[in-house]
Amino acid sequence: MAVVNYRQYNNLITSQEVVNKAMANDNLDQSLIESDVILIAEITHLKQRLGDYFWGKLRQGNTNSSGYTLSSNETILLNDYIKPALAFFVKYEVLNDIQFNTTSSGVVTNDDDWSDPVDNSELSTLKSDTFRKAEILVKDMIELIEDSDNVGEFPNYDHANNDRHIDGDNVTRLGGILAYGNKVNRYNSIRNKDERYYS
C-alpha cells in the first residue's frame, strides 16, 4: 500500500490571503511569507484539529486537477472559517522572521530609516494577541463543524481521532498518567490503522 502524500497539494491559504486577512499593512512584502511557513502553520495548528484525513482532503480539493472537488460546505468552511484562522496562525509563525534577519554575520534586527523595531516585550505582546485571535477563530470553526445541525455535513471530519482543542488542550488519563495533546490521539490513530490514510 502506498501512503497518500497530502503535502503535494496546495497550501490552504496563499501569502496574499495572509496579508489581506491578518496583516495591518497590505503592502507587506509577500516573499516574507514562505510556502513552507504556511505549511508549518497548517501542520502545527490545524492538522490535528481537523484530523489528518480531512486536512489532506481539504488540501487536495484546494488544488486544481487533483481528483477531489470540495463540497459546497467544505468550500464555505475553507473560505469563511479555516482561512481567517490560518492567516493569523501564519502571522504568528512569521512575526519573528519579519522582526529579525539571519545573515552571514548572525541574527540582526530589521531596521530602516522610517521606523524603529519593537522591543522583545512588545513583540511578545503582539504574538500573544495574534495567537489569541487565531484560537478564537479555530474554536468557532470547530463549533461549526460539530454543531448538531451540521451532523453529516462534513463526512471526512472524524473528531474521535483528532485533538479537540475547542476548550484547550485535550487531556486523557492513561493508567493514572495525564497525557496532553496530540501524542495520545496520534498513538490511537496509528494503533487503529485507519485505512483512509492508505490507497
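The shown structure was predicted, so the numbers you read here are calculated from the model rather than taken from an experiment.

Novice: Describe the packing of helix 1 (residues 15–22) against helix 4 (residues 72–99), naming the residues involved and giving the relevant values.
Specialist: Running from N to C, helix 1 and helix 4 point in directions that differ by 90°, and their axes come no closer than 9 Å. Considered as vectors, helix 1 and helix 4 are oriented roughly perpendicular to each other. Side by side, helix 1 and helix 4 meet where Glu17, Val18, Lys21 and Ala22 of the first sit next to Asn79, Lys83, Pro84, Ala87, Phe88, Val90 and Lys91 of the second. Split by residue class, the contact of helix 1 with helix 4 holds six nonpolar, one polar and four charged.

Novice: So what about the packing of helix 4 against helix 5 (residues 120–146)? Which residues, and what values?
Specialist: In contact at an axis separation of 9 Å, helix 4 and helix 5 are set at 160° when each is read in the N-to-C sense. Of the possible angle classes, the one that applies to helix 4 and helix 5 is roughly antiparallel. Remark: the crossing between helix 4 and helix 5 carries left-handed chirality.

Novice: Give a detailed account of the nonpolar core, specifying residues and quantitative values.
Specialist: If you look at the biggest cluster of nonpolar residues, it comprises 39 residues, and the most contacted ones within it are Ile33, Leu50, Phe54, Ile82, Met141 and Ile145. Those elements that place two or more of their residues in this core are helix 1, helix 2 (35–50), helix 3 (52–61), helix 4 and helix 5. Here this core gets 10 residues from one element, more than from any other, and that element is helix 4. With sequence-adjacent residues up to four places away left out, Phe54 is seen in contact with Glu74, Leu77, Ile145, Phe154, Asn156 and Tyr157.

Novice: Summarise helix 2; cite the residues concerned and give the values.
Specialist: Most pronounced at Ile43, the bend in helix 2 amounts to some 40°. Within helix 2 the residues assigned to the buried category are Val37, Ile38, Leu39, Ala41, Glu42, His45, Leu46, Lys47, Gln48, Arg49 and Leu50. Just past helix 2, the residue Gly51 takes up positive phi, approximately 95°.

Novice: Talk me through unusual backbone geometry; I want residue IDs and the actual numbers.
Specialist: Phi angles above zero are rare outside glycine, and Ser65 is one such case at about 55°. Relative to the elements of secondary structure, Ser65 occurs in the loop between helix 3 and helix 4.

Novice: So, the side chain of Thr63: which residues are in play, and what are the values?
Specialist: Relative to the elements of secondary structure, Thr63 occurs in the loop between helix 3 and helix 4. Here Asn10 takes part through its backbone nitrogen, which lies 2.7 Å from a polar atom of the side chain of Thr63. Setting aside residues no more than four positions away along its own chain, Thr63 makes contact with Tyr9 and Asn10.

Novice: So what about a negative patch on the surface? Which residues, and what values?
Specialist: A cluster of like negative charges, contributed by Asp140, Glu143, Asp147 and Asp149, occupies part of the molecular surface. In this fold, Asp147 is placed in the loop between helix 5 and strand 3 (171–174). Given the relative accessible area of 32%, Asp147 is considered partly exposed.

Novice: Can you break down the environment of Val18 residue by residue, with the values?
Specialist: Looking at the element boundaries, Val18 is found in helix 1. By relative accessible area, Val18 is classed as buried at 0%. As for Val18 and Phe88, which are separated by 70 residues in sequence, their C-alpha atoms are 7.5 Å apart. Excluding residues within four positions of it along the chain, Val18 makes contact with Ile13, Met23, Ile33, Ala87 and Val90.

Novice: Go over the packing of aromatic side chains, please, and point to the residues and values.
Specialist: Counted under the stated rule, the structure contains five aromatic pairs. Ring geometry for Tyr6 versus Tyr9: centroids 6.4 Å apart, planes at 40°, classification tilted. For Tyr6, a relative accessible area of 9% gives the class buried. Residue classification places Tyr9 among the buried residues on the basis of a relative accessible area of 14%.

Novice: For the pattern of salt bridges, give the residues involved together with the corresponding values.
Specialist: Counted according to the given criterion, the structure contains five salt bridges. A salt bridge links Lys83 to Glu17, with the nearest nitrogen and oxygen atoms 2.9 Å apart. Of this pair, Lys83 sits in helix 4 while Glu17 sits in helix 1; the two residues are 66 residues apart in sequence, bridging distant segments of the chain. Residue Lys83 is classed as buried on the basis of its relative accessible area, which comes to 8%. Owing to a relative accessible area of 21%, Glu17 belongs among the partly exposed residues under this scheme. For Lys133, the salt bridge identified is with Asp129, shortest N-O distance 3.0 Å. Within this pair, Lys133 and its partner Asp129 are both found in helix 5, separated by four residues, close to a single helical turn. The partly exposed category is assigned to Lys133, whose relative accessible area is 33%. By relative accessible area, which is 25% here, Asp129 ends up partly exposed.

What counts as what
Residues numbered from 1 in each chain as written. Predicted model: local features only at pLDDT ≥ 70, side-chain atom pairs only at ≥ 80, totals over all residues. Heavy atoms only, no water. Axes fitted to C-alpha atoms, helices over the stretch in contact; angles between N-to-C directions. Helix = DSSP H or I, 4+ residues; strand = E, 2+ residues; numbered from the N terminus. Parallel < 35°, antiparallel > 145°, perpendicular 65-115°, else oblique. Contact = heavy atoms within 4.5 Å. Nonpolar A, V, L, I, M, F, W, Y, C, P; charged D, E, K, R; others polar. Left-handed = near helix turned anticlockwise from the far one by under 90°. Core = buried A, V, L, I, M, F, W, Y, C linked by side-chain atoms within 4.5 Å. Buried < 20%, exposed > 50% of the residue type's maximum accessible area, 1.4 Å probe, protein only. Bend = angle between axes of the 7 residues up to and from the residue. Polar contact = N/O pair within 3.5 Å; in protein donor to acceptor, adjacent residues only side chain to side chain. Patch = residues over 30% accessible without salt bridge, like charges linked within 9 Å, V, L, I, M, F, W, Y side chains within 5 Å. Areas by Shrake-Rupley, 256 points an atom, 1.4 Å probe, with all protein chains shown as cover. Salt bridge = Lys/Arg side-chain N within 4 Å of Asp/Glu carboxyl O. Lys, Arg positive; Asp, Glu negative; His and termini not counted. Charge placed at Lys NZ, Arg CZ, Asp CG, Glu CD. Phe/Tyr/Trp six-rings, centres within 6.5 Å; stacked < 30°, edge-to-face > 60°.

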